[in-house]
Every structure is written in C-alpha cells, then in structure tokens.
Amino acid sequence: MLNFHEKMKHLLNVDPLIMGLYSVLSIFGLVMIYSASSYYALANQGNSEAFMVKQFVFIVIGIVMALGISVLPEKFLKNQKVMMGVAGVIFILLVIVLFTTGVNGAKSWINLKLFSLQPSELVKLFVIWTSAYIYSKNERSKRDWRFYLIPAGITAFFIGMVMLQPDLGTSIIIAGVAVLLGLMTGVSNRALAIWGVVFAGLYGLTYLDASIFEKFGLKAYQLSRFTSFHNPWSDPAGAGYQSIQGYLGLSRGSWIGTGLSNSVQKTGFLPEAHTDFILAIVGEELGFVTIFILLLAIFGLIIAIIHKGNKCRNLFGKYLCYGVAILFLIQSGINIGALVGVAPLTGVPLPLISYGGSSFFASSAGIGLVLWAIRRDKESREQTPPPTREGLPEEEEEKIIELKAM
C-alpha cells in the first residue's frame, strides 16, 4: 500500500503552473462546449448534454494520458525502435483513413464510435518528438544544412500522406511546426530572414485568384477557405457564411456578453458552433472581456512552456517544450485569426477549448511531453551534486572569503 501511495505521489508531482493552466482551460472549454452544443445536440441527437458528456470523458482520459507520459522512462522516449514502431502505426492509420467515408470532401477521420480519430493529429506530435530527438543528438553540427535533412524528410513524407486526404490546413500546421522548431535550434540570421520572406510570400498567395490554384489540382472548397477570409461578404451565402456569422456573434456579445447559454448564433446560424468557431460563442455569451482573459490564459500557457523549455539543461526536453509551444501557438493563432478575418478558414480547433477527442488527446499528449521534460530536468538537477569549494575558480574562492570576512 505504501508503495502504491509513493507511486501516486510521484505521478501527481508535476509542474503546478503548466498543469493548472491546462486544467483550467480544459474545464472552461467543457462549460463552453455544453453551452455552444446544447441546441445542436438536442436537435440532432435528442440529448442536449451529448457533446458535453463525451468531452468530459475526453478530459478525464486526456489528464491520465498527460500524467502517464510525464513519467515515461527516458530510454523509452529516446528509443529509435519505439519511434519506428509509432511511425508504422501512424502510417497504417493514414492509409486506413483513405478508405473511409469522406466528410465535406476530405477523408480525415476514422469512426471509433466514442470519437472520430484523426490520424493527422498524431503526425503533429510525432514530428515534434522525432525532431527534438534528432536535434538533441546532433547539436554540434547544427550549422550544417544536412543537420535538418532527416527531420525535413520525415515531415515531408507525412505531409504527403496527409495531403492525400486531402487536408491542406493540417499540412500547413505540420510544416509550420517543423520549420519553426528547426529555427529554434539556433540558425543564422540569414536563414531567419529567408524563412520570414517565405512565410510572407505564402500569406500573399491567399490574395491570388482561385483559378490559378485549380491548375495544381486543389479542390474548390479548399480554395474558398483560403481566399474568402479577406472579404467574406463577397460570398455571404457560401464561403463567407461562417465568418459572417462569427462576426455577428462577436458584435452581439460586445464587452460583457448576452449571458451564458443565451447565444443566438448557436441555434442553427453558426454551423457546429462547439468546434472551430467556439470562440465566437464565448464572445457572444460572455463578451470581449472574457475573450481577453481566455487569450491571456492560452498565451500564458504557451509562454510558460517556452520559459520551462529555456530552463531545461537537457536539449531533448528543451526542444520538446519548444515544439509543443509552437504547435499551440500556430493552432491558436490560426483559429483566432480565422474568427477575426486575418487567417483562412482551415478547420483548426482552439486547443483545449474546442470540442473533439483527437484534438484534445493530441493537446494532452503535448502537455504530457512538457511535464516529462520539466520532471526530467528537475530530477537531473537533484542528482547533480552542488559544486564544492575545491571545484570553484580562484576568483570565486576569493569572493567567498571576502563575504565571510564582512
């Protein structure tokens, strides 16, 4: 019994700031999912609490998953055979999903009854995990462009698999995470400038006429999402409909909102409001003030993860933290940007807030990796004995003598 208590104490001994923000955001998301989905769930499933109950189960599983990952042995996470095995499983899932029934032209989900598994969510974490491992093993050669070949190859392969679905939005996120994590390894200023121009150029492509992209085989619905956000009123009943309904929700909420559960947009005007556009319902019911506090919490979590990563002496843990923070930053930025009209509608959920099992499990696994990195760094510091006076430089020894004399 004592041994069990010790194991539980060890399991729950995680960073309070990261775990606290993760838990608060998850609970807030649960409340808003219930409010945003109640009308839709009642109309389509006959139970207004259907999505809330499922999300509660996702949260419980997600918390267990995060805590479980945080205590994994280091040799497990750094085992190349394990990585290859996981890569094989993800590849099989990405093949299976191609034979499923598509939704809105995309084959991205495998129906598992309790939730729909989206294999591309696993790719995001796998890219972070393997890239962090490779970068930590080859730190001394990071100025050599060949340093990035293996991570780039892994990323390109899985992006190609995701594009077969096709899922352009997720592919962009995976590519963005891979590139930014690579830049975090300490590249030259020239490389930073080049990638800055590349990102600006890619954003500029959204202003081009859709007919140009159709020549490359892209689907019409994909193109509309990547171009309509500049002027949704040009097609208010089609590609711009969701954006306009989101704007209306925000305008109705103003500063303090109409009150929890009092949204009009969720009653059929904003399609599946509990998913990608849940922030519009937050704004409508709880107002801009609550949105501001929510964004402070989300970006506070991201900053806290980066801060913890900066303190890690273990490069593997450091890059894991950076990768998860980048993933949260990109997904949050695209989701929020789509709502306010500065980013395309790509179906990206708001981490920990939007409804969805795959998305929440991926976010929880990411938090688990961060908690693992923090735990591992703390344990290594405790195992490293403090420097003795004999190991101090002569000038430090003299300072200690002077302080004692004072």
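These figures come from a predicted structure and were not determined experimentally.

## Regarding the overall build of the chain
Now for step 1: Secondary structure summary: the chain contains 16 helices and two strands in total.
Now for step 2: Looking at the chain as a whole, 45% of its 406 residues are labelled buried.
Now for step 3: Just so you have it, the chain exposes about 20,400 Å², and 67% of that area is on carbon and sulfur atoms.

## Quick notes on a nonpolar patch on the surface
Now for step 1: Taken together, the side chains of Val 53, Phe 56, Val 57, Val 60, Ile 61, Val 64 and Leu 114 define a hydrophobic patch exposed on the protein surface, amounting to about 550 Å² of accessible area.
Now for step 2: Mapped onto the secondary structure, Val 60 falls in helix H3 (residues 50-70).

## Notes on the pattern of salt bridges
As a working rule, side chains carrying opposite charge can pair if their charged atoms are close by.
Now for step 1: Under the definition given, this model contains six salt bridges.
Now for step 2: We note a salt bridge from Asp 15 to Lys 308, for which the minimum N-O separation is 2.9 Å. On the criterion of sequence distance, the pair formed by Asp 15 in the loop between helix H1 (2-12) and helix H2 (16-45) and Lys 308 in helix H13 (residues 278-311) is long-range, its members being 293 residues apart. Pair check on accessibility: Asp 15 and Lys 308 agree, each one buried.

## Comments concerning the packing of aromatic side chains
Now for step 1: A complete count under the given rule lists 15 aromatic pairs for this structure.
Now for step 2: With a centroid separation of 5.6 Å and an interplanar angle of 70°, the aromatic rings of Phe 126 and Phe 158 are classed as edge-to-face. Placement of Phe 126 in helix H6 (residues 119-137) and of Phe 158 in helix H7 (residues 149-163) is noted, with a sequence separation of 32 residues between them. Accessibility classification places Phe 126 together with Phe 158 in one group, the buried group.
Now for step 3: Grouping aromatic residues by their ring pairs yields a cluster made of Tyr 40, Phe 51, Phe 58, Tyr 355 and Phe 361.

## Overview of the side chain of Glu 121
Now for step 1: Note on placement: Glu 121 falls in helix H6.
Now for step 2: Residue Glu 121 is classed as buried on the basis of its relative accessible area of 4%.
Now for step 3: At 3.1 Å, the side chain of Glu 121 and the side chain of Lys 124 are in polar contact.

## A few points about the packing of H7 against helix H8 (residues 168-183)
Now for step 1: At a minimum axis distance of 9 Å, the contact between H7 and H8 shows a crossing angle of 170°. The angle between the axes of H7 and H8 places the two elements in the roughly antiparallel class. Seen from H7, the contacting residues are Thr 155, Ile 159, Val 162 and Met 163; seen from H8, they are Leu 168, Thr 170, Ser 171, Ile 174, Ala 175 and Ala 178.
Now for step 2: Partitioned by chemical class, the residues of the contact of H7 with H8 number seven nonpolar, three polar and no charged.

## Considerations on the confidence of the model for the chain
Now for step 1: Predicted confidence across the chain gives a mean pLDDT of 83, with 80% of residues reaching 70 or more.
Now for step 2: Predicted confidence is poor over residues 394-406, with pLDDT under 50, and the contacts of this stretch with residues over four places away or in other chains come to four contacts.

## A few points about unusual backbone geometry
Now for step 1: Even without being glycine, Ser 261 reaches a positive phi, approximately 80°.
Now for step 2: Along the chain, the position of Ser 261 falls in the loop between helix H12 (241-253) and H13.
Now for step 3: Judged by relative accessible area, which is 45%, Ser 261 ranks as partly exposed.
Now for step 4: For Leu 352, which is not a glycine, the phi torsion comes out positive at approximately 70°.
Now for step 5: With respect to the helices and strands, the residue Leu 352 is situated in the loop between helix H14 (315-340) and helix H15 (357-383).

## Some details on the environment of Ser 263
Now for step 1: By secondary structure assignment, the location of Ser 263 is in the loop between H12 and H13.
Now for step 2: Ser 263 sits 17 residues away from Ala 280 along the chain, and the two C-alpha atoms are 9.6 Å apart.
Now for step 3: A distance of 3.3 Å separates a polar atom in the side chain of Ser 263 from the backbone nitrogen of Gln 265.
Now for step 4: Separated by 3.2 Å, the side chain of Ser 263 and the backbone nitrogen of Lys 266 make a polar contact.

## A short note on the nonpolar core
Now for step 1: Ranked by internal contacts, the top residues of the largest apolar core, which has 98 residues, are Ile 18, Val 123, Leu 279, Leu 301, Ile 305, Phe 316 and Ile 367.
Now for step 2: The biggest single contributor to this core is H14, with 15 residues.
Now for step 3: Every residue in contact with Ile 18, bar those within four places of it in the chain, is listed here: Leu 301, Ala 304, Ile 305, Lys 308, Ile 367, Val 370, Leu 371 and Ile 374.

## Focus on H3
Now for step 1: In a regular helix each residue adds 1.5 Å, so 21 residues correspond to 30 Å; H3 covers 31 Å between its end C-alpha atoms and thus fits that length.
Now for step 2: Within the sequence span of H3, burial applies to Ala 50, Phe 51, Gln 55, Phe 58, Ile 59, Gly 62, Ala 66, Leu 67, Ile 69 and Ser 70.

## Considerations on the environment of Asp 167
Now for step 1: By the secondary structure assignment, Asp 167 is in the loop between H7 and H8.
Now for step 2: Look at Asp 167 and you get buried, because its relative accessible area is 10%.

## Thoughts on the side chain of Asn 335
Now for step 1: Summarising the element assignment, Asn 335 is placed in helix H14.
Now for step 2: Leaving out residues up to four positions away in the same chain, Asn 335 has contacts with Asp 276, Val 348, Pro 349, Leu 350 and Ser 354.

Quick notes on the rules
Residues numbered from 1 in each chain as written. Predicted model: local features only at pLDDT ≥ 70, side-chain atom pairs only at ≥ 80, totals over all residues. Heavy atoms only, no water. Helix = DSSP H or I, 4+ residues; strand = E, 2+ residues; numbered from the N terminus. Buried < 20%, exposed > 50% of the residue type's maximum accessible area, 1.4 Å probe, protein only. Areas by Shrake-Rupley, 256 points an atom, 1.4 Å probe, with all protein chains shown as cover. Patch = residues over 30% accessible without salt bridge, like charges linked within 9 Å, V, L, I, M, F, W, Y side chains within 5 Å. Salt bridge = Lys/Arg side-chain N within 4 Å of Asp/Glu carboxyl O. Phe/Tyr/Trp six-rings, centres within 6.5 Å; stacked < 30°, edge-to-face > 60°. Polar contact = N/O pair within 3.5 Å; in protein donor to acceptor, adjacent residues only side chain to side chain. Axes fitted to C-alpha atoms, helices over the stretch in contact; angles between N-to-C directions. Parallel < 35°, antiparallel > 145°, perpendicular 65-115°, else oblique. Contact = heavy atoms within 4.5 Å. Nonpolar A, V, L, I, M, F, W, Y, C, P; charged D, E, K, R; others polar. pLDDT = per-residue confidence, 0-100. Core = buried A, V, L, I, M, F, W, Y, C linked by side-chain atoms within 4.5 Å. Expected span 1.5 Å × (residues − 1).

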